[in-house]
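# Fold and contact review
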Amino acid sequence: APFVYPIIEDRFEAIEEAARDALECADIVLVNAGSSAGREDFTSAVVKKIGELLVHGVAIFPGKPTILGVGKSSAGQVKPLIGIPGYPVSAVLALQEFVRPLMAHMAGAPTHGHSAATAVMSRKSASRLGMEEFLRVKLGEVGGRLVALPAKRGASVISSLIEADGVVRVPPGSEGIEAGEEVGVELLRPLSEI
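Now for a description of the structure that goes with this document. (Residues numbered from 1 in each chain as written. Predicted model: local features only at pLDDT ≥ 70, side-chain atom pairs only at ≥ 80, totals over all residues. Heavy atoms only, no water.)

### What about the overall build of the protein?
Put simply, the test is: Think of it this way: any DSSP run of H or I at least four residues long counts as a helix, any run of E at least two long counts as a strand, and we number them from the N terminus. Partly exposed residues are those whose accessible area sits between 20% and 50% of the maximum for their type, while under 20% is buried and over 50% is exposed, using a 1.4 Å probe and protein chains only. Pairs of residues are marked as contacts when any of their non-hydrogen atoms sit within 4.5 Å. Using a 1.4 Å probe, the Shrake-Rupley method yields the accessible areas, and only the shown protein chains count as cover for residues.
Counting its secondary structure elements, the protein contains four helices and twelve strands. Overall, the protein is about 60 × 35 × 30 Å in size when its C-alpha atoms are taken along their principal axes. Across the 194 residues that make up the protein, the buried fraction comes to 41%. Put simply, 62% of the contacts in the protein that link residues at least 6 apart link residues at least 24 apart. Carbon and sulfur atoms form 55% of the exposed surface of the protein, whose accessible area is close to 10,900 Å².

Quick look at the structure:
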């Protein structure tokens, strides 16, 4: 069962103490927020001090500030120590892309893939080169074809998670998707409910 620590003060020492405590009793330690490039973000420094910082920043959008590291309990057990971005959409993507598969692996369970569908983009959608974008889309049937309409973008746009029917992964080498282009959609709800 998950154990949720109370919100702690944004001080290096407080974060370090909470992370060390969590390493004693948890299989995976997640630190929410404090992983961006701002001058007061301490999570990566804490991970460096109490363990090994493997990655600070991943090539996905939203979710770029994700931190991947490991820490040791006092008994010497090595455990994942992950910094989850504070913006809600970034946090959800980091959990889906990194934490969920890690938990399945640690439990010896299969990693379940998403149901998929093919849709046609309703309008052009530009993306950043070098980043895999997780474009949330609303789906609908128009003229016998499944059409994908991009949702509002941004790491803090919670409505894009609530209203989305699926996600289109835009590869890092792409500048976006053209209107009318056929795309694969990872479904967030059954097609029968869309």
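Resuming the write-up.
### Some points on the packing of aromatic side chains
Test applied: Two rings from Phe, Tyr or Trp (for Trp, the six-membered ring) form a pair when their centres sit within 6.5 Å of each other. Planes less than 30 degrees apart are called stacked, planes more than 60 degrees apart edge-to-face, and all others tilted. Our definition puts a charge over a ring when NZ of Lys or CZ of Arg is within 6 Å of the ring centre and also within 35 degrees of the ring normal.
Taken as a whole, this structure holds two aromatic pairs when the rule is applied. When the centroid spacing of 4.9 Å and the interplanar angle of 85° are considered together, the rings of phenylalanine 3 and tyrosine 5 count as edge-to-face. Looking at phenylalanine 3, the relative accessible area reads 59%, which means it is exposed. Relative to phenylalanine 42, the ring of phenylalanine 12 lies with its centre 6.4 Å away and its plane at 90°, an arrangement referred to as edge-to-face. Within this pair, whereas phenylalanine 12 is found in helix H1 (residues 12-25), its partner phenylalanine 42 is found in the loop between strand E1 (29-32) and helix H2 (43-50), the two being separated by 30 residues in sequence. Taking NZ or CZ as reference, arginine 128 lies 4.3 Å from the ring centre of phenylalanine 61, over its face.

### A few points about the pattern of salt bridges
Our working rule: Here, a salt bridge means any Lys or Arg side-chain nitrogen found within 4 Å of an Asp or Glu carboxyl oxygen.
In this structure the tally under the stated criterion is eleven salt bridges. Between arginine 153 and glutamate 133 there is a salt bridge; the shortest N-O distance is 2.7 Å. Placement of arginine 153 in the loop between strand E9 (145-150) and helix H4 (158-163) and of glutamate 133 in strand E8 (residues 132-142) is noted, with a sequence separation of 20 residues between them. The partly exposed category is assigned to arginine 153, whose relative accessible area is 35%. The exposure class assigned to glutamate 133 is buried, which follows from its relative accessible area of 4%.

### Description of the side chain of arginine 136
The cut-off we apply is this: Counted charges follow a simple rule, with Lys and Arg positive, Asp and Glu negative, and His plus the chain ends left uncounted. Pairs of N or O atoms within 3.5 Å make up the polar contacts considered here, provided that, within protein, one atom can donate a hydrogen while the other can accept it, and that residues adjacent in sequence are counted only when both atoms are side-chain atoms.
Secondary-structure assignment places arginine 136 in strand E8. Buried within the structure, arginine 136 lacks any salt-bridge partner; its nearest side chain of opposite charge belongs to glutamate 133, at an N-O separation of 5.5 Å. For arginine 136, the side chain forms a polar contact with the main-chain oxygen of phenylalanine 134, separated by 2.6 Å. One polar contact links arginine 136 to serine 160, side chain to side chain, over a distance of 3.2 Å.

### Focus on the environment of lysine 49
The residue lysine 49 is located in helix H2 in this model. A sequence separation of 33 residues divides lysine 49 from glutamate 16, and the C-alpha atoms of the two residues are 8.4 Å apart. If we ignore the near neighbours within four places in the chain, the residues touching lysine 49 are Phe12, Glu16 and Arg20. A distance of 3.3 Å separates a polar atom in the side chain of lysine 49 from a polar atom in the side chain of glutamate 16.

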